[in-house]
Amino acid sequence: MERNFLNGVETKITNSKQQKTEESSANKSVHRLELDNHKLLSASGVRGVPVFNDKEVKVVLDGETLSVSGQNLEIKLLDLDTGKLLVGGYVTSLKYSSS
């Protein structure tokens, strides 16, 4: 069995099949992003939103922060119990940074 690391995720290669496993650090949870035609961003795995205005939304995830930039941004939904976030407006940039 061959082991490789791609973007911090361990990839095991067995019989020409790739199986991705989560990082060995158990403190990071899975999150998901979906951007619909630049106009609606849906995110899961959200821990908090400390900064938001019509040009920027900072989203706290486990171990990292997502900066959403754009125009006329507004939070349509924020449910920290379920970790769901919906941002409307026109999204021009998504950028990750370490917390």
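Remember, it's a predicted structure, so these values are computed and weren't measured experimentally.

## Notes on the overall build of the protein chain
Across its full length, the protein chain carries zero helices and nine strands. For the protein chain, the succession of helices and strands along the chain, N to C, is β-β-β-β-β-β-β-β-β. Within the span of the protein chain, comprising 99 residues, buried residues form 23% of the whole. Long-range pairs, those at least 24 residues apart, make up 36% of the contacts in the protein chain between residues at least 6 apart in sequence. When the accessible surface of the protein chain is split by element, carbon and sulfur atoms take 46% of a total near 7000 Å².

## A few points about the pairing of strand 4 (residues 32-36)
On a regular strand, one side chain projects to one face of the sheet and the next to the other, so that they alternate. As paired elements, strand 4 and strand 5 (residues 40-44) share five bridges and run antiparallel to each other. The partner of D36 across the bridge, within strand 5, is L40. Taking the residues that link successive antiparallel strands as the turn, the strand 4-strand 5 hairpin has three residues, and the phi of N37 there is positive, at about 55°.

## Section: the sheet that holds strand 8 (residues 64-79)
Spatial ordering of the open sheet is given by 4-5-9-8-7-6, a layout of six strands whose pairing is antiparallel. Edge positions in the sheet fall to strand 4 and strand 6 (48-52), since each of these pairs with one other strand and no more. Going across the sheet, the axis of each strand differs from the next one's by a mean of 35°, ignoring polarity. Note that strand 6 and strand 7 (residues 56-61) share three bridges and pair antiparallel. Within strand 7, the position partnered with G48 by the bridge is V60.

## A short note on the side chain of S67
In this structure, S67 sits in strand 8. Within the local environment of S67, its side chain forms a polar contact with the side chain of K58, the two groups lying 3.2 Å apart. Other than its neighbours up to four places away in sequence, S67 contacts E56, V57, K58, S93, L94 and K95.

## Points about the nonpolar core
Formed by 13 residues in total, the largest nonpolar core has its most connected members in V46, V57, V59, V68, L73, L85 and V87. Those elements giving two or more residues to this core turn out to be strand 5, strand 7, strand 8 and strand 9 (84-98). Non-local contacts of V87, meaning those with residues more than four positions away in its chain, are made with K39, L40, L41, V57, L73, E74 and K76.

## Examining the pattern of salt bridges
If you walk through the whole model with that rule in mind, you get three salt bridges. The closest approach of N and O atoms between D62 and R47, which form a salt bridge, is 2.8 Å. Of this pair, D62 sits in the loop between strand 7 and strand 8 while R47 is found in the loop between strand 5 and strand 6, placing the two residues 15 residues apart along the sequence. A salt bridge links E74 to K76; the shortest N-O distance between them is 2.9 Å.

Each value, and the rule that gives it
- Residues numbered from 1 in each chain as written.
- Predicted model: local features only at pLDDT ≥ 70, side-chain atom pairs only at ≥ 80, totals over all residues.
- Heavy atoms only, no water.
- Helix = DSSP H or I, 4+ residues; strand = E, 2+ residues; numbered from the N terminus.
- Buried < 20%, exposed > 50% of the residue type's maximum accessible area, 1.4 Å probe, protein only.
- Contact = heavy atoms within 4.5 Å.
- Areas by Shrake-Rupley, 256 points an atom, 1.4 Å probe, with all protein chains shown as cover.
- Pairing = 2+ DSSP bridges.
- Axes fitted to C-alpha atoms, helices over the stretch in contact; angles between N-to-C directions.
- Polar contact = N/O pair within 3.5 Å; in protein donor to acceptor, adjacent residues only side chain to side chain.
- Core = buried A, V, L, I, M, F, W, Y, C linked by side-chain atoms within 4.5 Å.
- Salt bridge = Lys/Arg side-chain N within 4 Å of Asp/Glu carboxyl O.

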